[in-house]
There are 2 protein chains.
Amino acid sequence: MQTNNVAQVNVLTLETMNQNVRQVEYAVRGPMVLRAVQIEEELKKGVKKPFTEVIKANVGDAHAMGQKPITFIRQVLALCAYPALLEDDKFPEDAKLRARRILDGCGGQSIGAYSASQGIECIRKDVASYIEKRDGGIPSNHENIYLSTGASDAIVTMLKLLICGEGRTRTGVMISIPQYPLYSAALTELQGVQINYYLDEDKCWGLDVGELRRSLTAAREHCNPRALCIINPGNPTGQVQSRQCIEDVIRFAKEEGLLLMADEVYQDNVYAEGCVFHSFKKVLFEMGPEFSSVVELVSFHSTSKCYMGECGFRGGYMEVVNLDPEVKAQLTKLVSVRLCSPVSGQALMDVVVNPPQPGEPSYATFTKERAAVLADLAEKAKLTEESFNNVPGFHCNPVQGAMYTFPRITIPQKAIDQAAGQAPDQMYCMKLLETTGICLVPGSGFGQREGTFHFRMTILPPKEKLKYVLEKIAEFNAQFLQDYS
Amino acid sequence: MQTNNVAQVNVLTLETMNQNVRQVEYAVRGPMVLRAVQIEEELKKGVKKPFTEVIKANVGDAHAMGQKPITFIRQVLALCAYPALLEDDKFPEDAKLRARRILDGCGGQSIGAYSASQGIECIRKDVASYIEKRDGGIPSNHENIYLSTGASDAIVTMLKLLICGEGRTRTGVMISIPQYPLYSAALTELQGVQINYYLDEDKCWGLDVGELRRSLTAAREHCNPRALCIINPGNPTGQVQSRQCIEDVIRFAKEEGLLLMADEVYQDNVYAEGCVFHSFKKVLFEMGPEFSSVVELVSFHSTSKCYMGECGFRGGYMEVVNLDPEVKAQLTKLVSVRLCSPVSGQALMDVVVNPPQPGEPSYATFTKERAAVLADLAEKAKLTEESFNNVPGFHCNPVQGAMYTFPRITIPQKAIDQAAGQAPDQMYCMKLLETTGICLVPGSGFGQREGTFHFRMTILPPKEKLKYVLEKIAEFNAQFLQDYS
């Protein structure tokens, strides 16, 4: 179509774009998922495959896997969206009460108005009350709560504030390996230095302070470590940290002058007997003022996980503790550039932190629905662990919490040799996808000790489908081991 | 509370934080607004003031100013949030049809599922159809549509892809002065070089290619200019660009090898007789393949403005034209790290691009509501211009479009001398706020020719309140001129 004879070159090409962005990787939605979507298209067009549907077990997307929304949550959201329904007898009074309270907090009583950049004040107050109750009365101030566009947004915002310096003074951020790849992606984009500390697979993905120290000492040779990120319950690893472990981490952070970032989005997802969720905030304050008055802690929560699984609404919050007031002002300024997080997501967060109480009309239904989701997940966590530990070559730690299993798999040397540039576990997962329609994420997308291989699979599929998935993976694995023996 | 004797210093302080973030300024929610919120608190506590309420005319927040949501939009959103309502006879069939179509596009038929990172496919197809219709049949491909968290998110994402290099090769981005400060804030954060081109206040804030060329030539001395941003209709300036002007800009971009970023979020907000909105996409394609096959164009739209004013939902989209396919893949990857934009905002965007059609049950009401909002805005645009041009010392261009007026004001030398470090127009606006409760944004927050002073005021307040605001500003201005004469 070129009509003049000057060769026109694109302004923006792979070579001339921001190379930091080019280097970003995000395996959860990476090449596996692109191929999964292609296969779905092929199936629609009638292409013959050894399976009839693609099962996306790559992502913690509860509703996509058939989990039903919690009735009360959606009633409040519908009331907020269309307040004419406040006159409708079919909606329970407690849902109306919450909707009215949220609308009173909105400009012009509409969730279509921008909120304050930090989030609607009455919702931040509800979040603070929720945290206080969760943490056995330890105070929480709504001035320290920032509502966000999912937890991802808040995590990236904190990293933006932190990362600076050049060369050896460049900010380093400690993240677990395996990690959730939002962290590595954000660090790549912001050019922070990723400092890996390894979770101990042989101790149920436990976190050991000796390993933190090793990792920190090595990192100090080449960068300026300033923050330590913890995911508890773990993603992709599913471990739930003990109170003792959290204490050790806090003591370490204080000694070493590190800001703590606690990703606690799976706080309601604890299944294993004897495991309890302990918030970093609670443990920090129980350790006394020597710690609670100095250690900088930011903790993150989301509407996307737990029993509600409302990923699409992009709701979340962070609580900042001991943040320098001047830095807090800078944080508020920074979030104001994007005006505010989605108000419908804020409203959803409000229902999560302020659910129906005993005596209210929706209490019984709400409690039943919530318990059913969590019981189902607990059962599937157990089922998955047991099933995978019966697969030759697999080793699977208990899924104590969160929504994923991260089994270690055996890849024969012959397969490794033939992987041809691909990570061997990526080759494994790609073959699984082509053979069975099951989409997983290779362990290499999360990081793993060299020479070991894993995949992440969500436990969210409905039980019958999950059983099918577990069987198919076992079958595929047997064939794979045979093909490459 | 410190119990040990080691002086504990915060990890994150003003000095040790990311200094690029520290330098970010965003006047629309800056010090004026912080003070406005304080004053509101003081009023609540019973502090006596010469006024009874704070009027936030600083931001284009339609619902906060009392504009009612469009019924049809909210019906569809309520149906999507709580699909049990699909059985309710009180909801019209066309709203149900749209809700069902959106839900069919969602994983598990729930807007609580993550969408594809680029946005729900059927919504992107509706956006593409809308663009085709708007542009008289010029084709639009849904593969080039990215749904976003408001337009701000998409604009920042594009800037992230673009900005790289060091020193004289650092990416420069041309923005109008006055500008919407999202641009300057994002450029500061991303360390892109801001290249100012001035709109001509004496020609109704017109854009002149000679000025573009002057600005570009000067910038090439110290950076690598790669993109040109245009806001049409203008924010804060309210001008609507002529077709000829857009053609000239496109020709300039092609000659100079610049990627075009067209911020067209006010595309339905055109009031002045003889003014018509021309999209950059349409003009580009009407200029023939010599242009339409080579010039890289990204255009942005939002659910926050126009007749719907649904800011809180954070819906938006961008269309990319002639973007290198490899860069498009990188763009898709980058947005996938944040998983997806809010699905309720995507749903809202769907209703905007696919409103009720003649023959459908909601057509009459929808059309009436939309027309009423736009007619009301047109009337207020005229009222504001006329009123301000009667204020001694003010000069106010016609508000041809968008939602703001940006009058030039006179600040006596004595006031300038006493501003003491503050920008003189900031001092003016602060005094206005303290005296009248009216919150505006000083022109210095948007940029203006040296020695001139302005403020931005939205025309959104209800007519009676707007009249009150206009009167109060005139009174205040008279007193101000007298005080500093």
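My aim in this report is to walk through the structure given alongside it, one point at a time. Quick caveat, the model's predicted, so the values are computed rather than measured.

Each value, and the rule that gives it
Think of each chain on its own: its residues are numbered from 1, step by step along the sequence as written. Both sets of labels track the order of writing: A upward for chains, 1 upward for ligands. Reporting of local features is limited, given that this is a predicted model, to residues whose pLDDT is at least 70; pairs of side-chain atoms are given and counted only at 80 or more, and all residues count toward the totals for whole chains, interfaces and linings. Only hydrogens and water are set aside; all other atoms, that is, all heavy atoms of the structure, feed into the side-chain values. Note on geometry: axes are lines fitted to C-alpha atoms, helical ones only across the stretch in contact, with angles between N-to-C directions running from 0 to 180 degrees. What counts as a helix is a DSSP run of H or I of at least four residues, what counts as a strand is a run of E of at least two, and both are numbered from the N terminus. Orientation is classified from the angle alone, with under 35 degrees giving roughly parallel, over 145 giving roughly antiparallel, 65 to 115 giving roughly perpendicular, and any other angle giving oblique. The sense of a crossing depends on the near helix, which, turned anticlockwise from the far helix by less than a right angle, makes the crossing left-handed and, turned clockwise, makes it right-handed. In this analysis, two residues are considered to be in contact whenever any of their non-hydrogen atoms come within 4.5 Å of each other. Residue type decides the class: Asp, Glu, Lys and Arg count as charged, Ala, Val, Leu, Ile, Met, Phe, Trp, Tyr, Cys and Pro as nonpolar, and the leftover types, Gly among them, as polar. Stacked, edge-to-face and tilted labels apply to pairs of Phe, Tyr and Trp rings (six-membered ring for Trp) whose centres lie within 6.5 Å, assigned for plane angles under 30 degrees, over 60, and everything in between, in that order. Think of it in three bands: with a 1.4 Å probe and only protein chains considered, a residue is buried below 20% of the maximum accessible area for its type, exposed above 50%, and partly exposed in between. Here, a charge over a ring is recorded when the distance from Lys NZ or Arg CZ to the ring centre is within 6 Å and its angle to the ring normal is within 35 degrees. By definition, two strands form a pair when at least two bridges between them are found by DSSP.

**So, the packing of helix α5 (residues 121-134) of chain B against helix α13 (residues 343-353) of chain B**
All names here are of chain B.
Step number 1: For the pair α5 and α13, the least separation of the axes is 9 Å and the interaxial angle reads 30 degrees. Here α5 lies roughly parallel to α13, going by the angle between them. Pair α5 / α13 crosses with left-handed handedness. Contacts from C122, I123, D126, V127 and Y130 in α5 reach Q346, A347, M349, D350 and V353 in α13.
Step number 2: Counted by class, the contact of α5 with α13 contains 7 nonpolar, 1 polar and 2 charged residues.

**A short note on the packing of aromatic side chains**
Step number 1: For the structure on display, the rule yields 30 aromatic pairs over all chains.
Step number 2: A ring pair is formed by B:Y26 and B:Y180, whose centres lie 6.1 Å apart and whose planes are at 85 degrees; its orientation type is edge-to-face. In this pair, B:Y26 is assigned in the loop between α1 (19-23) and α2 (31-44) and B:Y180 in the loop between β3 (171-177) and α7 (182-190), connecting sequence segments 154 residues apart. Neither B:Y26 nor B:Y180 differs from the other in exposure class; each is buried.
Step number 3: Judged by centre distance (5.7 Å) and plane angle (35 degrees), the rings of B:F476 and B:F480 are tilted. Within this pair, B:F476 and its partner B:F480 are both found in helix α17 (residues 463-483), separated by 4 residues, close to a single helical turn. Of the two residues examined, B:F476 and B:F480, each falls in the buried class.
Step number 4: Through a chain of ring-to-ring contacts, the aromatic side chains of A:F388, A:F394, A:Y428, A:F455, A:F476, A:F480 and A:Y484 assemble into a single cluster.
Step number 5: The side chain of B:K254 reaches across the aromatic face of B:F291, ending 5.2 Å from its centre.
Step number 6: One cation-aromatic arrangement involves B:K281 over B:F285; the distance from NZ or CZ to the ring centre is 5.5 Å.

**As for the pairing of strand β8 (residues 315-321) of chain A**
Residue and element names in this part refer to chain A.
Step number 1: Here β8 lies mainly inside the structure; 7 of its 7 residues are buried.
Step number 2: With burial as the criterion, each face of β8 is covered, one bearing G315, Y317, E319 and V321 and the other bearing G316, M318 and V320.
Step number 3: Strand direction decides the pairing type here: strand β2 (residues 145-149) and β8, joined by 5 bridges, are antiparallel. If you follow Y146 over to β8, its bridge partner there is M318.

**Describing the side chain of B:Q330**
Step number 1: Residue position: B:Q330 is located in helix α12 (residues 325-336).
Step number 2: Apart from residues no more than four positions distant in its own chain, B:Q330 is found in contact with A:L14, A:M17, A:V21 and A:R22.

**A word on unusual backbone geometry**
Residue and element names in this part refer to chain A.
Step number 1: Omega for the bond connecting I177 with P178 falls within 30 degrees of zero, at 0 degrees, which places this linkage in the cis form.
Step number 2: Within the secondary structure, P178 is located in the loop between β3 (171-177) and α7 (182-190).
Step number 3: Despite not being glycine, A402 has its phi angle at roughly 60 degrees, a positive value.
Step number 4: Turning to its location among the elements, A402 is positioned in the loop between α14 (363-389) and β9 (404-405).

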